[in-house]
Amino acid sequence: MAREQVLIFSFRSFCCVFFVLSAFSFISFLYWCHCSGPCYSQNQIMTQKQDEFIDLLWFPSAWNHLSFPSNPPLKLLKIALFVKKWPHRSHAGGLERHALTLHLALAKRGHELHIFTASCLNCSFPTYPISSLYFHLSKPTAAGYLDQSIVWQQLQTQNSTGKPFDVIHTESVGLRHTRARNLTNVVVSWHGIAYETIHSDIIQELLRTPEEPQAYALAERASKVIEEVKFFPKYAHHVATSDHCGDALKRIYMIPEERVHIILNGVDEEVFKPDVAMGKDFKKKFGIPENRSLVLGMAGRLVKDKGHPLMFEALKQLLAENDAFRRSTVFLVAGDGPWGARYRDLGTNVIVLGPLDQTRLAMFYNAIDIFVNPTLRAQGLDHTLLEAMLSGKPLMATRLASIVGSVIVGTDMGYLFSPQVESVKKALYGIWADGREVLEKKGLVARKRGLNLFTATKMAAAYERLFLCISNDEKNGENNCKYHSPLI
């Protein structure tokens, strides 16, 4: 009885907190829908005509919409990066891949990069032929995080060697707020915040089977949001990697607008691009039947929170109930995880490829007609979606705020579904009915948007300008926070 009363009290407490957060969210959503996207661009164009320049720190939309010089700047920066792990081969999450893509690009443009990260256990640390790139390794804590006392000492040593750092960049909480709170040149990139994750927790609870124990993540998540709202402002500048995250940081976390900057993730456009011959070679290598009129692909970690139980059940039902669908389709699954073995049980319609390195992943995208991402994680901006877009492929993805707000912004480039089996089946049937010709047209639209917003070049140029702005020296005539050039 006592335990029931505690649980009821806990649930009521959560409901109160969640109601307050939902109210903030609703107001935020109305504001975002009214003022984001094209609305920002039109207003900004009018402002340009009147004032002839934009104050970049106050720019409310994604910096990817702006066009920055392709040549390296005259002023080269000394940049520190804190990242929990550095990518190793094909085993890397989105945060690590973002760190790799962005900072290698900045080093190649001549900036001096110092990367503070954990040493690689039982593996050789990668090397790069870039003279301005330096790694400072340290043993991680038992929990796998950077040892803050060690990396802080390393930072102090390098800061007093030569010139001090112009900018200190941390991927998520690589550098803790307790160390960053008194630094005015710190930039933190958020690849997911607790507020976004509440949506994921709700989905997981709704998809829970009667046999599974009830989770109490929702109540814990509300407390996590409050904790983040308290410590996030201790970082000087924030980069949101999706439009929705940027709005949440301003409206829910109440961080001043001039300290929140939206820079969407980008991927290497020289690697991920259309190549018909490459796609044919990949199909031949993995024995993909030529008689299948539709090839669908999925890539990433094959785990529960990436939506694979949901996708597995939808595919299982489709393949059992529709012979024509089964005879004409094949699904390619790249990645590893516990759901790989389950997908193999579905028979010859599903080919599990295992983890792929970047080169083979580019071939994979060129072999498919559409890329499917069933993720249940309402955080950040998934790199696989962007890689598929640059490869000229349309998308099918979960209707989550970051995806709807930044990636699949119209039916002319893809399909959306709710995290329910029937909704997934409906979307798959729609793709099947549309056929390859319609998918190719949608793929062209997707690639055009990808080239405009989601290339590594666009992302690196935006971060470079932000870093230049933060280190701006007006006394020496620098004007890096002012922008005047037509929007894309």
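Residues numbered from 1 in each chain as written. Predicted model: local features only at pLDDT ≥ 70, side-chain atom pairs only at ≥ 80, totals over all residues. Heavy atoms only, no water.

The next point concerns the sheet that holds strand 10 (residues 329-334). Read from one edge to the other, the open sheet built from 6 strands follows the order 11-10-9-12-13-14, with strand pairing classed as parallel. A single partner strand is all that each edge strand has here, and the edge strands are strand 11 (350-354) and strand 14 (414-417). Across this sheet, the average inter-strand angle for adjacent strands is 20 degrees, counted without regard to direction. Where strand 9 (residues 294-299) and strand 10 come together, 6 bridges link them in parallel fashion. Bridging from a neighbouring strand, L294 pairs with T329 of strand 10. Sheet strands in contact with helix 14 (residues 383-390) are strand 9, strand 12 (370-373) and strand 13 (395-398), and its direction is about 170 degrees off that of strand 12. (Pairing = 2+ DSSP bridges. Helix = DSSP H or I, 4+ residues; strand = E, 2+ residues; numbered from the N terminus. Axes fitted to C-alpha atoms, helices over the stretch in contact; angles between N-to-C directions. Contact = heavy atoms within 4.5 Å.)

Attention now moves to unusual backbone geometry. One non-glycine residue, S172, adopts positive backbone phi at about 55 degrees. Structurally, the position occupied by S172 is in the loop between strand 5 (167-171) and helix 5 (177-180). Phi angles above zero are rare outside glycine, and M254 is one such case at about 60 degrees. Position of M254 relative to the elements: it lies in the loop between helix 8 (243-251) and strand 8 (260-262).

The geometry of helix 6 (residues 194-207) relative to helix 7 (residues 217-231) is characterised by a closest axis approach of 9 Å and an angle of 170 degrees between their N-to-C directions. The angle between helix 6 and helix 7 falls in the class roughly antiparallel. Every residue of helix 7 that contacts helix 6 at A194, Y195, T197, I198, D201 and I202 is listed here: A217, L218, R221, K224, V225 and E228. Class assignment of the residues belonging to the contact of helix 6 with helix 7 gives a composition of 7 nonpolar, 1 polar and 4 charged. (Parallel < 35°, antiparallel > 145°, perpendicular 65-115°, else oblique. Nonpolar A, V, L, I, M, F, W, Y, C, P; charged D, E, K, R; others polar.)

Ranked by internal contacts, the top residues of the largest apolar core, which has 102 residues, are L249, Y253, Y343, F364, M396 and V407. Ignoring anything within four residues of it in the chain, the contact list for F364 reads F282, G297, M298, A299, L332, A334, L353, L356 and F371. (Core = buried A, V, L, I, M, F, W, Y, C linked by side-chain atoms within 4.5 Å. Buried < 20%, exposed > 50% of the residue type's maximum accessible area, 1.4 Å probe, protein only.)

Let us look at the confidence of the model for the protein. Taken as a whole, the protein shows an average pLDDT of 88; of its residues, 88% reach a score of 70 or greater. In the predicted structure, residues 1-50 sits below a pLDDT of 50 and forms 48 contacts with residues beyond four places in sequence or in another chain. (pLDDT = per-residue confidence, 0-100.)

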